[in-house]
Amino acid sequence: MKSTVFTILLLLTLFSCKSSDNQSDAYGNFEATELFISSEVAGKLLSFTVEEGDVLEANQQVALVDTIPLVLKMQQLQASKLAAQSKLAQVNASIGVLQAQKAIVQKDFSRISQMKTEGAATQKQFDDVQGQLEVMTQQLKSHQTTINSINQEVNVVCSQMDEVADKLNRCRIVLPSNGTVLQKLAEAGELVATGKPLLKLANLNQVYLRAYVSGSQLSSIHLGQEVTLRIDKNEKELTVLKGKISWISASAEFTPKIIQTKEERIDLVYAIKVAVVNDGSIKIGMPGEIKF
């Protein structure tokens, strides 16, 4: 009789341990890092060649905004730059002529100064030549001021050309990273505004299980810890995966209504994220379980 009772207790203990081992420590849903790709310039969307579900690569061009207004603006600025450079060439030519004339007057001034010293030239002759020399000096200074002004004008036009060139480059909408198109938010032919999202992108190669743990569980987990994940394979079987804890919330929050566990629900929980490499079997929103 004692042997029978002992056997029954042993089976109950083993069953209890097995049930405890099968029970997960946390529950949640999978999510991915989502990215909205927007237009950086306003205009008509000339082409948009992606569809939902497409897997795209970083630096791939997916759309083009109308560039005609910017091209016309660039042509106008180029004409303004050429006009300013033409004025600059004219001023430089005038400076060359004036410097040649000043050199002649300078010789006359030196000669008349010597003649005045010797009494062979009058004061009026000396004053006239000196006046001509001073006028030419002031004219050269005025031309130099004009050159500085034209150079500033050219610099402003060049800056405007750089700005337009940057906008032209931004008309090409290029992806910053790899990802899968989750949602297409515009179509070719539509007018788009600056900052308007065109598509929603997510990298599904690595996904995250966002789950919730109680305060008593925090002491048993840490960042970088490898854990076991379980997802439904079919109605009776589970698929077991490996993941690493990549984030632990610094503050508690009330238990979300979507969290349903076999344990009695508690008032406050801490959110965590477990990163896992996705082989294609995990979808966004899919439920999952964690065993620490």
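A brief structural summary. (Residues numbered from 1 in each chain as written. Predicted model: local features only at pLDDT ≥ 70, side-chain atom pairs only at ≥ 80, totals over all residues. Heavy atoms only, no water.)

Let us look at the side chain of Gln217. Topologically, Gln217 is positioned in the loop between β10 (206–213) and β11 (226–232). A relative accessible area of 17% places Gln217 in the buried class. From its side chain, Gln217 meets the backbone nitrogen of Ser214 in a polar contact 2.9 Å long. Residues within four places of Gln217 in sequence aside, it is in contact with Asp25 and Phe292. (Helix = DSSP H or I, 4+ residues; strand = E, 2+ residues; numbered from the N terminus. Buried < 20%, exposed > 50% of the residue type's maximum accessible area, 1.4 Å probe, protein only. Polar contact = N/O pair within 3.5 Å; in protein donor to acceptor, adjacent residues only side chain to side chain. Contact = heavy atoms within 4.5 Å.)

Moving on: the pairing of β10. With respect to burial, β10 is a largely interior element, 6 of its 8 residues being buried. Direction of pairing for strand β1 (residues 26–31) relative to β10: antiparallel, over a ladder of 4 bridges. Across the sheet, Gly28 pairs through a bridge with Ala211, a residue of β10. Sheet analysis places β10 next to strand β14 (residues 268–277), joined by 8 bridges and oriented antiparallel. Looking across to β14, one finds that Tyr212 is bridged to Ala271. (Pairing = 2+ DSSP bridges.)

Here the second largest pocket defines a volume of roughly 210 Å³. The wall of the second largest pocket is formed by 15 residues, among which Thr180, Asn203, Leu204, Asn205 and Asn278 lie closest to the centre. Those elements that provide at least two residues to the lining of the second largest pocket are β4 (55–56) and β7 (179–184). A per-element tally of the lining of the second largest pocket places β7 first, with 3 residues. Its residues assigned to classes, the lining of the second largest pocket shows 6 nonpolar, 7 polar and 2 charged. (1 Å grid on protein atoms, 1.4 Å probe; cavity = no way out; pocket = protein on both sides within 12 Å on 5 of 7 lines; lining within 4 Å. Points joined across faces, edges and corners; volume = space filled by probe spheres on them. Nonpolar A, V, L, I, M, F, W, Y, C, P; charged D, E, K, R; others polar.)

With that settled, the discussion passes to the pattern of salt bridges. If the charged atoms of two oppositely charged side chains come close together, the side chains can form a pair. With the rule as written, the count across this model stands at 11 salt bridges. The salt bridge partner of Lys200 is Glu34, with a shortest N-O separation of 3.8 Å. Taken together, the residues span a long stretch of sequence, with Lys200 in strand β9 (residues 197–202) and Glu34 in strand β2 (residues 34–38) at a distance of 166 residues. The exposure class assigned to Lys200 is buried, which follows from its relative accessible area of 16%. (Salt bridge = Lys/Arg side-chain N within 4 Å of Asp/Glu carboxyl O.)

This part is about the environment of Glu163. Along the polypeptide, Glu163 turns up in helix α3 (residues 123–170). For the pair Glu163 and Met74, spaced 89 residues apart in sequence, the C-alpha separation works out to 9.6 Å.

Time to look at the side chain of Thr180. As for its position among the elements, Thr180 is in strand β7. Setting aside residues up to four positions removed in sequence, Thr180 forms contacts with Gly53, Asp54, Val55, Lys200, Leu201, Ala202 and Leu204.

Ranked by internal contacts, the top residues of the largest apolar core, which has 24 residues, are Leu45, Phe48, Val62 and Leu198. Broken down by secondary-structure element, the contributors of at least two residues to this core are β3 (43–48), β5 (61–65), α2 (68–118), α3 and β9. If near-sequence neighbours (up to four positions away) are discounted, Leu45 is found in contact with Ala63, Leu64, Val65, Ala186, Glu187, Ala188, Gly189, Glu190, Val192 and Leu198. If you look at the next biggest cluster of nonpolar residues, it comprises 19 residues, including Val207, Ala211, Ile221 and Ile272. (Core = buried A, V, L, I, M, F, W, Y, C linked by side-chain atoms within 4.5 Å.)

We now examine α3. With 48 residues, α3 should reach 70 Å at 1.5 Å per residue; the first-to-last C-alpha distance of 71 Å fits that figure. Among all positions in α3, only Phe126, Val129, Leu133, Met136, Leu140, Ile147, Ile150, Val154, Val157, Met161 and Val164 are buried. Check the buried side of α3 and you find it contacts α2. (Expected span 1.5 Å × (residues − 1).)

On to the sheet that holds strand β8 (residues 191–192), then. The antiparallel open sheet is built from 4 strands, whose spatial order is β6-β5-β3-β8. Edge strands, defined here as strands with exactly one partner in the open sheet, are β6 (172–174) and β8. As judged from the 2 bridges shared by β3 and β8, these two strands associate in the antiparallel manner. If you follow Gly43 over to β8, its bridge partner there is Val192.

Quick look at unusual backbone geometry now. Positive phi values are uncommon outside glycine, yet Asn59 reaches one of about 70°. Here Asn59 lies in the loop between β4 and β5. Residue classification places Asn59 among the exposed residues on the basis of a relative accessible area of 64%.

Strand order in this open sheet of 4 strands is β2-β9-β7-β4, and the pairing throughout is antiparallel. Two strands in the sheet have a free side with no partner beyond their single neighbour: β2 and β4. Direction of pairing for β4 relative to β7: antiparallel, over a ladder of 2 bridges. Looking at β7, one finds that Val55 is bridged to Thr180.

Everything listed here is a matter of geometry and, on its own, says nothing about what the molecule does.
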